[in-house]
Amino acid sequence: MTQLSPAPAPAPPTARRSLTTGTIVATLALAVLLAASWFWSNLLLMSFAAILIAIALRAGARGLNRLLGLNVKLGVLVVLLGVVAVLALLVRLAGPSVGDQFGQLADALPGSWQAIQDWASSWPVADTVIQRGEAAAGEDNAMQLAQRLPDVFGMVLGGLNSVLGSLSSAFLLLILSLYIAMEADLYRGGALRLVSLPRRARAAQIMDELGEQLGRWMAGQALDMGIVAVLAGIGLYLLDVPLAFILAVIAGLTNIVPIIGPFFSGAIAVVVAAPQGLDTAIYVALLFTVIQVFEGEVLMPMIQKYAVQLPPALTVLAIVAVGALFGLVAVILATPLLIVVMHLVRRIYVEDVLGDRMD
């Protein structure tokens with residue numbers, strides 16, 4: 001005769017109350033953490049940007065340590081001063097010429113836009129849109145100057161505040177990056193102390209892997225931006241497009257933002273090339289299209305063999321999400337944030353929680 005095992009005794013009320021209380025406390029703590037992260041999002045994004053710059057400074061300092069035996073902290077200062085000196089030298093040598101070209105670019109944009117309007121006016125739909133835009137602008141110009149003066153004054157003050165705020169943020173970012181780079185081991189150890197002892201070694205491994213991946217991404221991105229700038233400069237020079245150097249620099253710098261950056265730089269180049277003729281504008285558009293196809297199909301896969309491979313669809317979604325939540329400036333950080341999220345999901349959830357080892 002089969003003997004039935006006794007049913008497990010119910011948990012005592014004290015244990016159930018402790019479990020419920022712990023769950024409530026953990027939920028409230030998570031809610032407070034999420035709310036604080038949202039309110040302090042600008043500070044957190046600046047801290048993340050500072051960490052990226054610190055990783056680059058530490059990489060340069062470690063290179064000096066291997067080559068010259070220089071202390072890492074001193075190497076961070078040398079790398080930073082070297083970068084500042086190179087930038088100052090470039091401004092000294094090429095600053096006036098570059099400033100003139102930017103001025104010419106600003107002066108050329110209205111004429112270029114007019115050329116595009118003249119071409120588009122031959123199409124009925126485009127002509128209707130342009131006429132409505134000009135009518136709206138005419139109504140706006142008909143406003144009394146006295147009514148517009150407060151708005152103009154506010155715009156000037158707002159622009160001045162934005163410039164001063166940007167300068168102060170850049171200075172704070174530089175100082176924060178320097179502190180993190182020089183005392184990286186201190187901050188790393190402090191972060192690891194927040195993790196329980198049984199999981200501390202795993203946390204250290206994940207943290208080091210993240211630093212390595214972000215460093216490789218920055219190196220690969222710098223190489224990609226440089227090659228795109230060179231290709232754009234050569235192509236624009238051969239097409240005899242004015243301000244080729246500045247347009248190439250814009251193409252390289254904006255390439256840090258996938259999808260949006262190349263479209264923005266290509267649109268500017270097409271507008272500048274429009275006064276040279278419709279054929280030149282079409283050739284410039286084809287040039288930027290070919291460069292982006294080459295970058296996406298040939299250059300970036302080669303770089304990603306040594307850097308970080310990212311799914312294109314997730315990259316686009318990350319850009320849209322970060323831009324919608326934190327603004328256009330934060331879009332620059334969308335790709336490295338995606339790297340962090342993907343690595344944490346892979347290591348912590350897929351491998352540690354699900355037990356699916358991917359290596």
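Bear in mind the structure is a predicted one, so any value in this text is a computation, not a measurement. (Residues numbered from 1 in each chain as written. Predicted model: local features only at pLDDT ≥ 70, side-chain atom pairs only at ≥ 80, totals over all residues. Heavy atoms only, no water.)

Things to note about the packing of helix α6 (residues 184-192) against helix α7 (residues 197-238)
- Running from N to C, α6 and α7 point in directions that differ by 135 degrees, and their axes come no closer than 10 Å. Comparing their axes, α7 and α6 come out oblique. Read as a crossing pair, α6 and α7 show a hand that is right-handed. Contacts from R188, A191 and L192 in α6 reach R200, A203, A204, M207 and D208 in α7.
- Counted by class, the contact of α6 with α7 contains five nonpolar, no polar and three charged residues. (Axes fitted to C-alpha atoms, helices over the stretch in contact; angles between N-to-C directions. Helix = DSSP H or I, 4+ residues; strand = E, 2+ residues; numbered from the N terminus. Parallel < 35°, antiparallel > 145°, perpendicular 65-115°, else oblique. Left-handed = near helix turned anticlockwise from the far one by under 90°. Contact = heavy atoms within 4.5 Å. Nonpolar A, V, L, I, M, F, W, Y, C, P; charged D, E, K, R; others polar.)

What about the UniProt feature "transmembrane region" (unreviewed entry) in the chain?
- UniProt records the feature "transmembrane region" (unreviewed entry) for residues 21-40, 46-64, 76-95, 152-180, 222-239, 245-274, 281-303 and 315-341 in the present numbering.
- Strand forms 0% of residues 46-64 and helix 100%; the C-alpha atoms that close the span are 27 Å apart.
- The distance from the first to the last C-alpha atom of residues 315-341 is 12 Å, and the span holds 74% helix and 0% strand. (UniProt positions renumbered as here; feature names shortened; annotations may be inferred.)

Regarding the pattern of salt bridges
- By the definition in use, this model includes nine salt bridges.
- Between E183 and K73 there is a salt bridge, with the nearest N and O atoms lying 3.1 Å from each other. One end of the pair, E183, is in the loop between α5 (145-182) and α6; the other, K73, is in helix α3 (residues 72-120), and 110 residues separate them in sequence.
- Accessibility expressed as a relative area gives 30% for E183, which makes it partly exposed.
- Judged by relative accessible area, which is 37%, K73 ranks as partly exposed.
- The partner of E351 in a salt bridge is R202, with the nearest N and O atoms 2.9 Å apart. Of the two residues, E351 is situated in helix α12 (residues 334-353) and R202 in helix α7; the sequence distance between them amounts to 149 residues.
- The exposure class assigned to E351 is buried, which follows from its relative accessible area of 4%.
- A residue is classified by how much of its surface remains accessible, and R202, at 18% relative accessible area, is buried.
- Here the residues in one salt-bridge network are R202, E209, R346, R347, E351 and D352, joined through shared partners. (Salt bridge = Lys/Arg side-chain N within 4 Å of Asp/Glu carboxyl O. Buried < 20%, exposed > 50% of the residue type's maximum accessible area, 1.4 Å probe, protein only.)

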